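# Results of the structural survey
The residues making up each chain are set out below.
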Amino acid sequence: MVEEQDKLLPIANIGRIMKRILPRNAKISKEAKETVQECVSEFISFVTSEASDKCHKENRKTVNGDDICWALSTLGFDNFSDIMLRYLQKFREFERQKAEQNKASSSEERGEVTSNGFGLQPVASASLEFGILEKGGSSSAKQK
């Protein structure tokens, strides 16, 4: 049997996320962290369950990012779905560029030359940021 604590996101992570949006001198009670922990964990389970049901109906075993975005939209969280789709596109582009760089590095180490005769040019890496949804549904990226 799975313990209830094992179903929840780590409380320390919840606290860190909450502190990022609050003023530096703000205090967060243990009760507040636990409440947010339960809500966030329930929300993730809710969305994941919807995505999993879709995959089951389509005879697929793996839930992917597109399934999560679909579930968010289906459940009425269109503003989250739109943000997640943009993030997913950026993430996939970042991974594609990283794979191309690794391939280029491997080719150079083996002394291979590309069709242009000069080797592959390094690909600029994409910056990935998570946005924090503000009141009114707009998103603002927070940097560490």
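Structure shown above.
Residues numbered from 1 in each chain as written. Predicted model: local features only at pLDDT ≥ 70, side-chain atom pairs only at ≥ 80, totals over all residues. Heavy atoms only, no water.

### Digging into the overall build of the protein
When you go through the protein residue by residue, the secondary structure sums to 4 helices and 2 strands. Order of helices (α) and strands (β) in the protein, N terminus to C terminus: α-α-α-α-β-β. Classification of the 144 residues of the protein by burial places 16% in the buried group. When contacts within the protein are restricted to residue pairs at least 6 apart in sequence, long-range pairs at least 24 apart make up 41% of them. (Helix = DSSP H or I, 4+ residues; strand = E, 2+ residues; numbered from the N terminus. Buried < 20%, exposed > 50% of the residue type's maximum accessible area, 1.4 Å probe, protein only. Contact = heavy atoms within 4.5 Å.)

### Section: unusual backbone geometry
Of note, N59 is a non-glycine position whose phi angle comes to about 55°, a positive value. Among the secondary structure elements, N59 is positioned in the loop between α2 (30–57) and α3 (65–74). Using a relative accessible area of 73% as the deciding quantity, one classes N59 as exposed.

### Examining helix α4 (residues 78–109)
Its 32 residues place the ends of α4 46 Å apart at the C-alpha level, agreeing with the 46 Å of an ideal helix rising 1.5 Å per residue. All buried positions along α4 are accounted for by S81, L88, F94, Q97, A104 and S107. (Expected span 1.5 Å × (residues − 1).)

### Some thoughts on the packing of aromatic side chains
A complete count under the given rule lists 4 aromatic pairs for this structure. Aromatic pair F43 and F77: ring centres 5.0 Å apart, planes at 85°, arrangement edge-to-face. Residue F43 is located in helix α2, and its partner F77 is located in the loop between α3 and α4; the two are separated by 34 residues in the primary sequence. The partly exposed category is assigned to F43, whose relative accessible area is 30%. In textbook terms, an aromatic cluster arises when at least three aromatic residues are bridged by ring pairs, as seen for F43, F77 and F80. Residue placement shows K54 over the ring face of W70; its charged tip is 5.4 Å from the ring centre. (Phe/Tyr/Trp six-rings, centres within 6.5 Å; stacked < 30°, edge-to-face > 60°. Lys NZ or Arg CZ within 6 Å of the ring centre and 35° of its normal.)

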